[in-house]
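Here are the chains, one letter per residue:
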Amino acid sequence: MGFSLQVSLPPPSPPPTATNTAAFTLIRPVTNLRFKPPLCASTTQQQLVVSEENELKSINGAPEENVPLPLGLRRESIPRHVAVVMDGNRRWARMRGLPVDSGYEAGVKSLRTIVEICCKWGIRVLTVFAFSSDNWFRPKMEVEFLMSLLEEGLKEEMGSFLRDNIRISVIGDLSKLPKSAVELIRNVEEITKNNTRFQLIVAVSYSGKYDLVQACQRIAMKVKDGVIVPSDINESLIEQELETNCTEFPYPDLLIRTSGELRVSNFMLWQLAYTELFFAQSLWPDFGEAEFIEALRSFQRRRRSYGG
Ligand SMILES: CC(C)=CCC/C(C)=C/CC/C(C)=C/COP(=O)(O)OP(=O)(O)O
């Protein structure tokens, strides 16, 4: 029974790989580009025949902007969605005898650099772990500083978001944030919601477990209200209730964690199921174009596997 259900579903739309990205983007309409873990990989593989010209036009569902890529990077397998755990800001500051705030400020600079590069090279979504649910336990001054960085950053960059066609989304438990920050976030999200070139998702007061819990609560309410019955609950329904429902591409193709730590640390637990992982030695404030290229090259060398 289970098997016949799988083959009757439409073919999945996997994320980019070194070998198959553009072909998939051509076959499926842009609105269907979200990755569903493949149930029947062979169905999609049969459809991989397109001309190179069409591949270039259709990459990531966005028009090509012909920005040359650094040597060794292939446009057709640039990841659509990159997620980043921006780790090592405090260590960076301490190593220099500076206050931890300087580490966070330097971290914001790195974030600006990576956002610019994503826009330039056609990455469509960047999700950054800016403040985890556990970070509320840090010293009050540090928490307040991070909140002020978020607010100032959003205000200062508003012009660039509009000029550069960047959509901003914030995911996480905003009920814990200062009211001023929540109002600003909602405003920025509203003002940028129709921007299409690139989406920056900032995870604040976020954890993967939080996201799953809030999705369960929303689904439970639907059952309680009689909108659905328990047997309606499936992967697709859960996906719709996760906070990453703010993006067309909820599944990161590549997760980068800086500072040499080899953990996922409660970040996007559902969404990372088939994500390629890259652990950089650099501390986040030292992570720039060269380090990003290294991560992307590593990604492009991989042969992605979905267990099929
Ligand atoms: C959008 C926005 C406002 C961004 C804020 C700036 C920024 C880079 C935040 C990272 C926050 C954070 C808790 C990182 C973890 O590393 P850590 O700093 O705890 O470093 P450690 O592992 O060296 O202690």
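The structure presented is a predicted model; accordingly, all values stated were derived computationally and were not measured.

Reading guide: rules and limits
- Residues numbered from 1 in each chain as written.
- Predicted model: local features only at pLDDT ≥ 70, side-chain atom pairs only at ≥ 80, totals over all residues.
- Heavy atoms only, no water.
- Core = buried A, V, L, I, M, F, W, Y, C linked by side-chain atoms within 4.5 Å.
- Buried < 20%, exposed > 50% of the residue type's maximum accessible area, 1.4 Å probe, protein only.
- Helix = DSSP H or I, 4+ residues; strand = E, 2+ residues; numbered from the N terminus.
- Contact = heavy atoms within 4.5 Å.
- Near = heavy atom within 4 Å.
- Polar contact = N/O pair within 3.5 Å; in protein donor to acceptor, adjacent residues only side chain to side chain.
- 1 Å grid on protein atoms, 1.4 Å probe; cavity = no way out; pocket = protein on both sides within 12 Å on 5 of 7 lines; lining within 4 Å.
- Sits in = over half its atoms within 2 Å of the grid points.
- Phe/Tyr/Trp six-rings, centres within 6.5 Å; stacked < 30°, edge-to-face > 60°.
- Axes fitted to C-alpha atoms, helices over the stretch in contact; angles between N-to-C directions.
- Parallel < 35°, antiparallel > 145°, perpendicular 65-115°, else oblique.
- Left-handed = near helix turned anticlockwise from the far one by under 90°.
- Nonpolar A, V, L, I, M, F, W, Y, C, P; charged D, E, K, R; others polar.

J.: An account of the nonpolar core is needed here, citing residue identities and associated values.
T.: Soluble globular proteins: nonpolar side chains tend toward being buried together. With 51 residues, the main nonpolar core has Leu126, Ile256 and Phe292 as its most contacted residues. Looking at which element gives the most residues to this core, the answer is helix 7 (residues 140-163), with nine residues. Residues within four places of isoleucine 256 in sequence aside, it is in contact with Val82, Ala83, Val84, Val85, Phe278, Phe287, Phe292 and Ala295. By size, the runner-up hydrophobic cluster in this structure holds 15 residues, among which are Ala83, Phe129, Ala203 and Cys246.

J.: Describe the site of the ligand, with residues and values.
T.: Close to the ligand lie 16 residues, the nearest being Asp87, Arg90, Arg91, Ala130 and Arg138. Here aspartate 87 contributes a side-chain N or O atom positioned 2.9 Å from an oxygen atom of the ligand. Here an oxygen atom of the ligand sits 3.3 Å away from a polar atom, N or O, in the main chain of glycine 88. Because more than half of its atoms lie within 2 Å of the grid, the ligand is assigned to the largest pocket. Contributions of two or more residues to the shell around the ligand are made by helix 5 (89-95), helix 6 (100-121) and helix 7.

J.: I'd like a rundown of the packing of aromatic side chains, residues and numbers included.
T.: This structure, assessed with the given rule, holds nine aromatic pairs. Plain terms: the ring middles of tryptophan 121 and phenylalanine 292 are 6.4 Å apart, the flat faces sit at 15° to each other, and that makes the pair stacked. With a gap of 171 residues between them, tryptophan 121 in helix 6 and phenylalanine 292 in helix 11 (residues 289-301) connect regions that are remote in the sequence. Of the residues examined, tryptophan 121 reaches a relative accessible area of 3% and is grouped as buried. Classification of phenylalanine 292 as buried rests on a relative accessible area of 0%.

J.: Describe the packing of helix 6 against helix 7, and please don't skip the residues or the numbers.
T.: Two quantities define a packed helix pair, namely the angle between the helix axes and the distance between the axes. Close contact between helix 6 and helix 7 brings their axes to 11 Å; oriented N to C, the two are set at 30°. Comparing the axis directions of helix 6 and helix 7 gives the class roughly parallel. Note on packing geometry: the crossing formed by helix 6 with helix 7 is right-handed. Facing helix 6, whose interface residues are Val100, Asp101, Tyr104, Glu105, Val108 and Arg112, helix 7 presents Glu142, Phe145, Leu146, Leu149, Glu156 and Glu157. In the contact of helix 6 with helix 7, the residues fall into six nonpolar, no polar and six charged.

J.: Describe in detail the environment of arginine 75, supporting the description with residues and values.
T.: In this fold, arginine 75 is placed in the loop between helix 4 (52-58) and strand 1 (81-85). Its relative accessible area of 16% is what places arginine 75 among the buried residues. Residues arginine 75 and tryptophan 121, 46 residues apart in the sequence, show an inter-C-alpha distance of 8.0 Å.

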